[in-house]
Amino acid sequence: DVKVDPVTGDMTVADIEGDVVITTEDGVTASVEPGKDLGTAKEDDDEDDGDAKLHLLFIFDSSKSMNELIDGKETKLEAAKKALSDFVVILPADLSVGLEVYGHMETQECDDIEMIVPVGKLDVAEMRQKINSLQAFGQTPVAAALEKAAAAMRSLAGDKTIVLISDGVDTCNGDPVRAAERIR
């Protein structure tokens with residue numbers, strides 16, 4: 001039985017009598033004795049991010065409405081930051097991940113959309129730091145953010161997913177439904 005720790009990516013062979021033979025996708029075979037730590041399942045840093053098979057881009061709403069309280073306890077922004085920060089820790093090591101944000105600048109402009117973590121090899125510490133540093137100020141350009149996210153992922157090969165984390169409607173006269181239909 002090979003167990004993988006979802007946080008660290010460490011693999012351990014357990015509950016098996018005799019040696020275990022493991023063959024990688026590259027055809028490399030290794031014999032491992034039970035109970036032996038196999039190290040980390042994360043990919044090497046020299047891996048080309050453009051070749052990843054799975055790409056995930058989060059669009060995070062950091063507009064002023066995210067400052068509203070939920071049940072009088074915490075803001076929508078704090079709840080969303082905690083949820084996303086906790087979630088990125090359990091993402092698979094081979095996933096290519098990025099973070100686009102809108103409403104996070106004090107400009108109050110509808111073009112306040114920024115790719116603060118380009119889609120690429122997941123650096124959990126960097127992603128969590130970027131998420132936790134967000135403040136809510138501006139508008140909610142959902143449609144424009146979807147289109148910008150799709151454009152950023154267009155050249156990537158493989159499966160692509162965009163996840164929108166938002167509390168409201170587009171305040172910049174965009175049509176998020178039509179934008180989503182166009183980028184499908």
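Note that the structure is a prediction, hence the values are computed from the model and not measured.

**Examining the pairing of strand S9 (residues 96-102)**
Side-chain direction in a regular strand flips from residue to residue, so the side chains alternate between the two faces of the sheet. Of all 7 residues making up S9, 7 are buried, and the element is well covered by its neighbours. Across the two faces of S9 the burial is the same, with Ser96, Gly98, Glu100 and Tyr102 and Val97, Leu99 and Val101 all buried. The pairing of strand S6 (residues 54-61) with S9 spans 7 bridges and is parallel. Along S9, the bridge assignment pairs phenylalanine 60 with valine 101. Relative to strand S10 (residues 113-121), S9 runs antiparallel, the two being bridged by 6 bridges. Paired with leucine 99 across the strands is valine 117, a residue of S10.

**Looking at the confidence of the model for the chain**
Looking at the chain, pLDDT values average 80 and 72% of them are 70 or higher. Segment residues 13-33 is flagged for pLDDT under 50; beyond a separation of four residues in sequence, or across chains, it makes 36 contacts in the model. Across residues 35-52, where pLDDT falls below 50, the model places 38 contacts with residues more than four positions away in sequence or in other chains.

**A look at the nonpolar core**
Membership of the largest hydrophobic core comes to 20 residues, with the highest contact counts inside it found for Phe58, Phe60, Leu91, Leu99 and Met127. Those elements that place two or more of their residues in this core are S6, helix H1 (76-88), S9, S10 and helix H2 (124-132). With 13 residues, the next largest nonpolar core counts Ile59, Tyr102, Val119 and Ala143 among its residues.

**Quick word on the pattern of salt bridges**
In the structure shown here, the tally under the stated rule is 6 salt bridges. Across the salt bridge formed by aspartate 167 and lysine 76, the nearest N and O atoms sit 3.0 Å from each other. Of this pair, aspartate 167 sits in the loop between strand S11 (159-165) and helix H4 (176-183) while lysine 76 sits in helix H1, and the two are 91 residues apart along the sequence. Given a relative accessible area of 22%, lysine 76 falls into the partly exposed group. Between arginine 182 and glutamate 147 there is a salt bridge, and its shortest N-O distance comes to 2.1 Å. Here the residue arginine 182 occupies a position in helix H4, and glutamate 147 occupies one in helix H3 (residues 142-153), the gap between them amounting to 35 residues. Residue glutamate 147 is classed as partly exposed on the basis of its relative accessible area of 32%. Linked through salt bridges whose partners overlap, the residues forming this network are Glu68, Lys76 and Asp167.

**Some thoughts on the sheet that holds S10**
With respect to topology, 4 strands assemble into an open sheet ordered S10-S9-S6-S11, the strand pairing being mixed. In the strand order of this sheet, the two ends are held by S10 and S11, each with one partner. Mean inter-strand twist for the sheet, computed between neighbouring axes without regard to direction, equals 15°.

Calculation notes
Residues numbered from 1 in each chain as written. Predicted model: local features only at pLDDT ≥ 70, side-chain atom pairs only at ≥ 80, totals over all residues. Heavy atoms only, no water. Buried < 20%, exposed > 50% of the residue type's maximum accessible area, 1.4 Å probe, protein only. Helix = DSSP H or I, 4+ residues; strand = E, 2+ residues; numbered from the N terminus. Pairing = 2+ DSSP bridges. pLDDT = per-residue confidence, 0-100. Contact = heavy atoms within 4.5 Å. Core = buried A, V, L, I, M, F, W, Y, C linked by side-chain atoms within 4.5 Å. Salt bridge = Lys/Arg side-chain N within 4 Å of Asp/Glu carboxyl O. Axes fitted to C-alpha atoms, helices over the stretch in contact; angles between N-to-C directions.

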